Amino acid sequence: MTAPPILRAENVHVRLGRRPVLSEVGLALRAGEVTVAVGPNGAGKTTLLRALAGLQAIEAGEVRIAGEPVARLSLAGRARRLAYLPQGGTIAWPVPVADLVALGRLPHGERPEALGASGRDAVARALADADCADFAARPATELSGGERARVLLARALAVEAPVLLLDEPVAALDPRHQILTLQALRRRAAQGGAILAVMHDLTLAARAADRILLLAAGRLVADGTPAEVLRPERLAAVFGIEARVAQEDEGLLIVPRGLRSTRD
């Protein structure tokens, strides 16, 4: 029997100013699953994550986590249930990496300088999962762009929230750390987490995901397994590209060949 979703969104509508950005979006995130949202630039992927996290007001519809409306949760209650990693996050203060990651324990009432045993364990696991343990004592402002991205991922992992929402978590990473990050997300799902990540690399998305959400012009146009969603004709319709889609031992391989022909 399919487990009930940890997070469910129903008929979500969002406007930014007078412009509709999301229309009639519904989805369910379940424990043990990695879901990846893909779509063209401007499709509404980041707005969707922010709406699910309660950071973007919605015009209509509802988002619930464990049956409770996200909009009615206290800030602390929401932060314990939902960890959100924005795209291109910045680090402004030269605090040690370990202390920055430990900020993920604030929703649990733990400060970096006064972590309990569970908090110390959570931070250590997060540093290891994001491959940051070797520079845990370095000032966070002295890191490369890819290292900073991993530290911010570690901070989100340290929350140990049941729902993890990530906007382009592998975009700034080298190939090795892309693989390590996707492995960490898979482990978190195996431990009972529900993961939703936005990604642009379709092959990485297909190999990381149990389910793919395909958005276009603010609407959810497909929701299913990678093989069900990432078909050549759908990629042509949504992205305007001709692509080869092949099933390999490691998963789907998606190779763009060019722009979709406009001829009949």
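About the cut-offs
- Residues numbered from 1 in each chain as written.
- Predicted model: local features only at pLDDT ≥ 70, side-chain atom pairs only at ≥ 80, totals over all residues.
- Heavy atoms only, no water.
- Axes fitted to C-alpha atoms, helices over the stretch in contact; angles between N-to-C directions.
- Helix = DSSP H or I, 4+ residues; strand = E, 2+ residues; numbered from the N terminus.
- Left-handed = near helix turned anticlockwise from the far one by under 90°.
- Contact = heavy atoms within 4.5 Å.
- Nonpolar A, V, L, I, M, F, W, Y, C, P; charged D, E, K, R; others polar.
- Salt bridge = Lys/Arg side-chain N within 4 Å of Asp/Glu carboxyl O.
- Buried < 20%, exposed > 50% of the residue type's maximum accessible area, 1.4 Å probe, protein only.
- Pairing = 2+ DSSP bridges.
- Core = buried A, V, L, I, M, F, W, Y, C linked by side-chain atoms within 4.5 Å.

So, the packing of helix H4 (residues 117-129) against helix H5 (residues 145-158)
Two elements in contact, H4 and H5, have axes whose closest approach is 8 Å; the angle formed by their N-to-C orientations is 145°. The handedness of the crossing between H4 and H5 is right-handed. Residues Ala 122, Ala 126, Leu 127 and Asp 129 of H4 touch H5, and the partners they reach there are Ala 154, Leu 157 and Ala 158. Of the residues in the contact of H4 with H5, the class split is six nonpolar, no polar and one charged.

So, the pattern of salt bridges
Oppositely charged side chains are able to pair whenever their charged atoms sit close together. Taken as a whole and judged by the stated rule, the model has 16 salt bridges. For Arg 138, the salt bridge goes to Glu 147, with nearest N and O atoms at 3.8 Å. On the accessibility criterion, Arg 138 (31% relative accessible area) is partly exposed. By relative accessible area, Glu 147 is classed as buried at 19%. Taken together, the salt bridges that share partners define one network made up of Glu 33, Arg 211 and Asp 223.

Observations regarding unusual backbone geometry
One non-glycine residue, Ala 66, lies in positive phi territory at about 50°. Relative to the helices and strands, Ala 66 is located in the loop between strand S4 (60-65) and strand S5 (68-69). Here Ala 217, not a glycine, exhibits a phi torsion of approximately 50°, which is positive. Note that Ala 217 resides in the loop between strand S9 (211-216) and strand S10 (219-224).

Remarks on the sheet that holds S4
Pairing is antiparallel across the open sheet formed by four strands, whose spatial order is S2-S1-S4-S5. Two strands lie at the open edges of the sheet, namely strand S2 (19-29) and S5, each paired on one side alone. The pairing of strand S1 (residues 7-16) with S2 spans seven bridges and is classified as antiparallel. Across the sheet, Val 12 pairs through a bridge with Val 25, a residue of S2. The strands touched by helix H1 (residues 45-52) are S1, S2 and S4; relative to S2, the strand with the most contacts, the crossing angle is about 60°.

Digging into the sheet that holds strand S6 (residues 82-85)
With mixed pairing, six strands are arranged side by side in an open sheet as S6-S7-S8-S3-S9-S10. Each having just a single partner strand, S6 and S10 make up the two edges of the open sheet. Across the sheet, the mean angle separating the axes of adjacent strands is 15° when strand polarity is ignored. In the sheet, S6 pairs with strand S7 (residues 163-167) via four bridges, with the strands oriented parallel. Of the residues in S7, the one forming a bridge with Ala 83 is Leu 164.

As for the nonpolar core
Counting 57 residues, the largest nonpolar core has Val 36, Val 101 and Leu 230 as the members making the most contacts within it. The element best represented in this core is H5, accounting for seven residues. When residues no more than four places from it in sequence are discounted, the contact partners of Val 36 are Leu 196, Ala 197, Met 199, Ala 205, Ala 208, Ala 209, Arg 211, Ile 212 and Leu 213. Residues Val 14, Ala 43, Val 70 and Leu 213 belong to the second largest nonpolar core, which totals 29 residues.

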